[in-house]
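For reference, the chains in residue letters:
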Amino acid sequence: MSRSLVRRSLSLIACGTGVILAGLLLAGALFWRGLIADLPTPNATDAVSDTQSILFVDRNGQPLYEAIDPNGNKYVPLPLDASPLACRQATIATEDSRFYTHPGVDALAVGRAVLQDAWHIARGGEGKFSFSGASTLTQQLARRLYLDPEERQNRTLRRKLREAWLAGRMERVQSKDEILALYLNTTYYGHFAVGIEAAAQAYFGVGASELDLAQCSLLAGLPQYPTGYNPIENPDAAKGRQGVVLALMAREGYITKAQAEDAGREALAYAATPFPIEAPHFVMWVSNQLTDYVDEETLSRGGLRVITTLDLDQQRLAEQIVRRRLAQLRPCTEGIAPPNCDPTADPARRAENAALAALDPATGAVTAMVGSPDFFDARVSGAVNATLTRRQPGSAIKPLTYAAVFDPERATADGRAPWTTATLIADLRTVFPTDEGRPYVPQNYDRRYHGPVTARAALANSYNIPAVKALQTVGVNALLEQAERLGISWRADGAPQPTSAGSASQDQTEAPRYGLALTLGGGEVSLLELTAAYAGFVNGGQRVTPHGIARIETLDGRVLYDATHDDALTPRPALDPRVAYLITDILSDNNARLPSFGPGNALELGFPAAAKTGTTTDWRDNWTLGYTPTLVAGTWVGNADNTPMLDVSGVSGAGPVWHDFMQAALRGAPKRDFAVPDGLTQVEICADSGLPPMAQLVRATADETIPCPLRRAEWFIEGTQPRVADMSHILVERDARTGRRAGPETPPEAIITETFWVLPPEYQTWARENNIPQPPPEIATADEASGEREHHDLLALTSPDANRVYRLDPSLPRESQAAPVSIYVAPELRSATVTLTADGATLAQVSGPDYTEWWPLQRGVHTLQAVATRRDGSRIISKPIVIQVVE
């Protein structure tokens, strides 16, 4: 090929390549021009404009609050040098650690996000790139200021490119400090606050310049998820997020690890700067829900009226009652005299906070919400909404356990006889096995045992041991399921999860494993959700969703949302209506709860009402929840910082608040009885045995069975009523000379006829301790004649507990590992020889006064038993117990 031809070919190739490159450049320019054509040129605007207000009103149109800025936000711009250094550092560490070194777009963050997305797609995830976590602080600001609300939600490459261009332009026209100042002044921190100054005032009641490290680190964590991390409504979630921010600050070198730990331990008191508002906790609650029903662009324009479910008259009554009753729990001081205080109160009592939630049981519409006695009182963290805070409910959760065990359909599925309100339960010291091998021995609130009690009496008087037996019968999963169906979800943290991804990923927390203590309040709930669950007992077993927004409309009347058309708020079956009525009938039975509560207690209103109290064992929380056919309310008394109170129970603390509110709220309203559903029948039973009385006298050997003296009409689900008559009440002829039963040789003048309530063997010790006479011994029994019998009320092993598991310590000598074995010996056996046996072999002879012997631990399963040998050779044998020793 000639040299000229080569030159011509190369010239043509170069020309073609140039044309292609020019075409590509032109296409790229046209694409880029189209990509950014409609975007504004960034400048120093703060992007906060005047708009119409958003008006919150109660159900009758009475004003609650007027939010003057978009979304009801308070906006107070602040120069950067007026913002605390800790707040600036916390924001940079959390949102954009390389803020001062990148040109608006962080290439390293983009690369990391692409790799994460690719890995996610490769593992079968959604087949597109989201670039989550790649946005710089400048990009976030550009997105918020210059993109419309719809585009902001799109996770596309197009949006990322447009956002990057805007960020680059911002970096050209503004300094880094100006951008950071703009970010801090325009970011929404929740709680009606835009900007760091407004947030400082809204959450802590101080100016931004007064914020310390702990406060700054908490605020810096809010923008990612203002609703979920709001410390007023979710303090635990906010505290956890604060820990993440502090760790990031320490990683970036802004603070030391020790400073991070000190700040994390600091107790934060939340406050709010006073401003005109009614029902502040309620308004804050519903304002956080507006974005669930109206898009952000509509909210940003304002001009809305939010008609809520609140009854402002009822709300004001609730607020007054909470403050008055709480004051009466406090000790009297100089200048404050009864009835505005308690002259008997110990100064260490510390009952400083209270809450109340009320709603319509038919719909779940919240009619009153008091989150604390004073929203603006920082001393008691008054801005924290205690109706939404999750705490242990104590015995207030027991009705859900009994609802599960009363359910006949569940009983059939479990293959057991259904429990009824008349089921007899042994309220005696009971050792329950656990998965961990440690015996669980619950105590009653009054530290006493009550012997044989019906389920009605057990729930009405809030006895703990029967409630644990009920849960053991039905199973923990059944209670978890029943609670879930009524709107209570027990999980490890209880905090809401973000609805959109932020810069940090969140792992779902595995639900905890609960044991039998769940029925005594071992799982945390909020007052609002438990109050809504109680609504299911009065509305025929329907689950209702507590809600506060009835309607959202424009100022010219155009309806944007109507709760009556919201399928998510439609009540749904959650409980057999017959079971729901049985719970209601027990909780409204003033006579049944007299043994524990006495006459004239706080749960009596003078008209049909059902109620239940709850108190935690450490006095940190006490509750009262109850309802009538038209209103359900829950109350809580405690301290916002979780400090224990001193001797304040659900009866003396939350009970009077509930009592006064229900009477005031229902004053003048018709007094209605609870409706009885179909499928129930009433049967007369013996109040102590739970069985129908004998219709007539029936001869039974030497004794005479008689009808029981105490009777009551009891409700039963059709088909579950008892079919066997009571035969535990008998007439016995006793020989006055010997104390034993009269025999053929007993002269008539020595015969005494007495009435006895005959209890099974397991109740004999309890009967003796409570002076309940039992029939005298027979003249002579076959067992006695043989010289050997079991008599568990005279001789019993009291330690260790049955089913106890011991673990041998390999670091200790085997011969030094032993367990004490204690024996109860009745006074009439103190002269007998008491022998302890292990696996049938004699271990030792045990003597008083404590009758205790140390038993060397040996690997395996062992049976321990005591035998008392009298001087005449007759023997009394205790009930055996089985224990286990493992390596």
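Remember, it's a predicted structure, so these values are computed and weren't measured experimentally.

In terms of helices and strands, the chain carries 25 helices and 35 strands. When burial is assessed residue by residue, the chain has 51% of its 887 residues classed as buried. Working note: accessible area of the chain is about 40900 Å², and carbon and sulfur atoms make up 52% of it.

A few words now on the nonpolar core. Of all hydrophobic cores here, the largest spans 153 residues; its most connected members are Phe56, Leu219, Tyr402 and Phe406. Top element by residues in this core is helix α20 (residues 527–538). It accounts for nine residues. Apart from the residues within four sequence positions on either side, phenylalanine 56 is in contact with Gln62, Pro63, Leu64, Tyr65, Ala67, Val283, Val286, Ser287, Leu290 and Val306. In this structure, Ala318, Val648, Ala654 and Ala664 belong to the second largest nonpolar core, which totals 29 residues.

Now for the sheet that holds strand β2 (residues 63–67). The strand order β2-β1-β6-β14-β15 describes an open sheet built from five strands, whose pairing is mixed. Since the sheet does not close on itself, it has two edges, and those belong to β2 and β15 (559–562), each with one partner. Sheet twist, expressed as the mean angle between neighbouring strand axes with direction ignored, is 15°. In terms of strand pairing, strand β6 (residues 304–308) meets strand β14 (residues 549–554) through five bridges, oriented antiparallel. From the neighbouring strand, isoleucine 307 faces β14, where its bridge partner is arginine 551.

For the rest of this paragraph, the subject is the state of the cysteines. Two cysteines whose sulfur atoms are joined by a covalent bond form what is called a disulfide. Tallied over the entire structure, the rule returns two disulfides. A disulfide bridge connects cysteine 87 with cysteine 216, and the sulfur atoms are separated by 2.0 Å. In this structure, the disulfide formed by cysteine 87 and cysteine 216 twists by about -75° around the S-S bond and is classed as left-handed. Of this pair, cysteine 87 sits in helix α2 (residues 85–95) while cysteine 216 sits in helix α9 (residues 213–220); the two residues are 129 residues apart in sequence, bridging distant segments of the chain. Of the two residues, cysteine 87 and cysteine 216, neither departs from the other in class, the shared state being buried. The side chain of cysteine 686 participates in a disulfide bridge whose partner is cysteine 708; the two sulfur atoms lie 2.0 Å from each other. Disulfide cysteine 686 to cysteine 708: torsion about the S-S bond roughly -90°, handedness left-handed.

Taking 1.5 Å of rise per residue, the 17 residues of helix α10 (residues 235–251) would be expected to cover 24 Å, and the 24 Å separating its terminal C-alpha atoms lies within 8% of that figure. All of the buried residues along α10 are Ala237, Ala238, Arg241, Gln242, Val245, Leu246, Leu248 and Met249. Looking at the buried side of α10, the elements it contacts are α2, α9 and α11 (257–265). Looking one or two residues beyond α10, the residue adopting positive phi is glycine 253, at roughly 85°.

Another aspect to go through is the packing of aromatic side chains. Applying the stated rule across the entire model yields 15 aromatic pairs. Taking 6.4 Å as the distance between ring centres and 70° as the angle between the ring planes, the aromatic pair formed by tyrosine 534 and tyrosine 627 counts as edge-to-face. Note that tyrosine 534 is positioned in helix α20 and tyrosine 627 in strand β18 (residues 621–627), a separation of 93 residues in sequence. For the pair formed by tyrosine 534 and tyrosine 627, the shared burial category is buried. Arranged with centres 5.9 Å apart and planes meeting at 80°, the rings of tyrosine 627 and phenylalanine 674 form a pair that is edge-to-face. Here the residue tyrosine 627 occupies a position in strand β18, and phenylalanine 674 occupies one in the loop between α23 (650–665) and β20 (680–686), the gap between them amounting to 47 residues. Assigned by exposure class, tyrosine 627 and phenylalanine 674 land together as buried. Taken together through their ring pairs, the aromatic side chains of Tyr534, Phe537, Tyr627 and Phe674 make up a single cluster. Sitting over the ring of phenylalanine 99, lysine 176 keeps its end group 4.6 Å from the ring centre.

Turning our attention to the packing of helix α6 (residues 157–173) against helix α7 (residues 176–186). The N-to-C vectors of α6 and α7 enclose an angle of 120°; their axes lie 8 Å apart at closest approach. Our classification of the angle between α6 and α7 gives oblique. By crossing handedness, the relation of α6 to α7 is classed as right-handed. Residues Met170, Glu171 and Val173 of α6 touch α7, and the partners they reach there are Lys176, Glu178, Ile179 and Leu182. Class assignment of the residues belonging to the contact of α6 with α7 gives a composition of four nonpolar, no polar and three charged.

Right, let's get into unusual backbone geometry. The omega torsion across serine 799 and proline 800 is 0°, close enough to zero to call that bond cis. At serine 381, a residue that is not glycine, the phi angle is positive and equals roughly 50°. Of note, serine 381 is situated in the loop between β8 (366–370) and β9 (390–391). Of note in this structure, aspartate 839 is not a glycine but carries a positive phi near 55°.

Within the chain, residue pLDDT values average 83, and 83% of them lie at 70 or more. Confidence drops under a pLDDT of 50 for residues 46–50, and excluding neighbours within four residues, the segment shows eight contacts in the predicted structure. Within the model, the stretch residues 780–789 combines pLDDT values under 50 with 14 contacts to residues more than four positions away or in other chains.

The next thing to look at is the sheet that holds strand β27 (residues 795–799). Ordered in space as β27-β29-β32, the three strands form an open sheet in which the pairing is antiparallel. Since the sheet does not close on itself, it has two edges, and those belong to β27 and β32 (852–856), each with one partner. When the angles between neighbouring strand axes are averaged without regard to direction, this sheet yields 35°.

This part takes up the packing of α2 against α9. Where α2 meets α9, the axes come as close as 8 Å, and the angle between the chain directions of the two elements is 35°. Viewed along their axes, α2 and α9 form a crossing whose handedness is right-handed. Packed against α2, whose contacting residues are Ala86, Cys87, Ala90, Thr91, Thr94 and Glu95, the element α9 presents Leu213, Cys216, Ser217 and Ala220 at the interface. When grouped by side-chain class, the residues that make up the contact of α2 with α9 number six nonpolar, three polar and one charged.

Turning our eyes to something else, we now look at the side chain of lysine 469. If you trace the backbone, lysine 469 turns up in helix α18 (residues 464–474). Despite being buried, lysine 469 has no salt bridge partner; aspartate 427 is the closest side chain of opposite charge, sitting 7.0 Å away. What lysine 469 contacts, discounting residues up to four positions off in sequence, is Trp419, Ile425, Ala426, Thr430 and Phe432.

Time to look at the pattern of salt bridges. Across all of its chains, the model carries 26 salt bridges by this definition. Here arginine 98 and aspartate 106 are joined by a salt bridge, their closest N and O atoms 2.9 Å apart. For aspartate 106, a relative accessible area of 6% translates into the label buried. With a shortest N-O distance of 3.4 Å, arginine 712 and aspartate 589 are connected by a salt bridge. With arginine 712 in strand β23 (residues 711–717) and aspartate 589 in the loop between α21 (577–587) and α22 (594–597), this pair connects stretches of sequence that are 123 residues apart. Using a relative accessible area of 26% as the deciding quantity, one classes arginine 712 as partly exposed. A single salt-bridge network, built from bridges that share partners, covers Arg456, Asp585, Asp589, Arg712 and Glu714.

Moving on: helix α12 (residues 280–287). Every α-helix carries 3.6 residues per turn, so stepping three or four residues along brings you back to the same face. Most of α12 is tucked away, with eight of its eight residues classed as buried. For α12, the set of buried residues is Pro280, His281, Phe282, Val283, Met284, Trp285, Val286 and Ser287.

This brings us to the side chain of threonine 519. Take threonine 519: it is sitting in the loop between α19 (476–485) and β12 (525–526). Residue class for threonine 519 comes out buried when judged on its relative accessible area of 0%. Apart from the residues lying within four places of it in its own chain, the contact partners of threonine 519 are Gly394, Ile397, Lys398, Thr401, Ala467, Val468, Leu471 and Leu479.

Let us look at the pairing of strand β24 (residues 729–735). In summary, the side chains of a regular strand alternate between the two faces of the sheet. A large share of β24 lies buried, amounting to five of its seven residues. Bridging between β24 and strand β25 (residues 751–757) involves seven bridges; their strand directions are antiparallel. Within the sheet, the bridge partner assigned to isoleucine 730 lies in β25 and is phenylalanine 756.

Scoring rules and cut-offs
- Residues numbered from 1 in each chain as written.
- Predicted model: local features only at pLDDT ≥ 70, side-chain atom pairs only at ≥ 80, totals over all residues.
- Heavy atoms only, no water.
- Helix = DSSP H or I, 4+ residues; strand = E, 2+ residues; numbered from the N terminus.
- Buried < 20%, exposed > 50% of the residue type's maximum accessible area, 1.4 Å probe, protein only.
- Areas by Shrake-Rupley, 256 points an atom, 1.4 Å probe, with all protein chains shown as cover.
- Core = buried A, V, L, I, M, F, W, Y, C linked by side-chain atoms within 4.5 Å.
- Contact = heavy atoms within 4.5 Å.
- Pairing = 2+ DSSP bridges.
- Axes fitted to C-alpha atoms, helices over the stretch in contact; angles between N-to-C directions.
- Disulfide = S-S within 2.5 Å.
- Expected span 1.5 Å × (residues − 1).
- Phe/Tyr/Trp six-rings, centres within 6.5 Å; stacked < 30°, edge-to-face > 60°.
- Lys NZ or Arg CZ within 6 Å of the ring centre and 35° of its normal.
- Parallel < 35°, antiparallel > 145°, perpendicular 65-115°, else oblique.
- Left-handed = near helix turned anticlockwise from the far one by under 90°.
- Nonpolar A, V, L, I, M, F, W, Y, C, P; charged D, E, K, R; others polar.
- pLDDT = per-residue confidence, 0-100.
- Lys, Arg positive; Asp, Glu negative; His and termini not counted.
- Salt bridge = Lys/Arg side-chain N within 4 Å of Asp/Glu carboxyl O.

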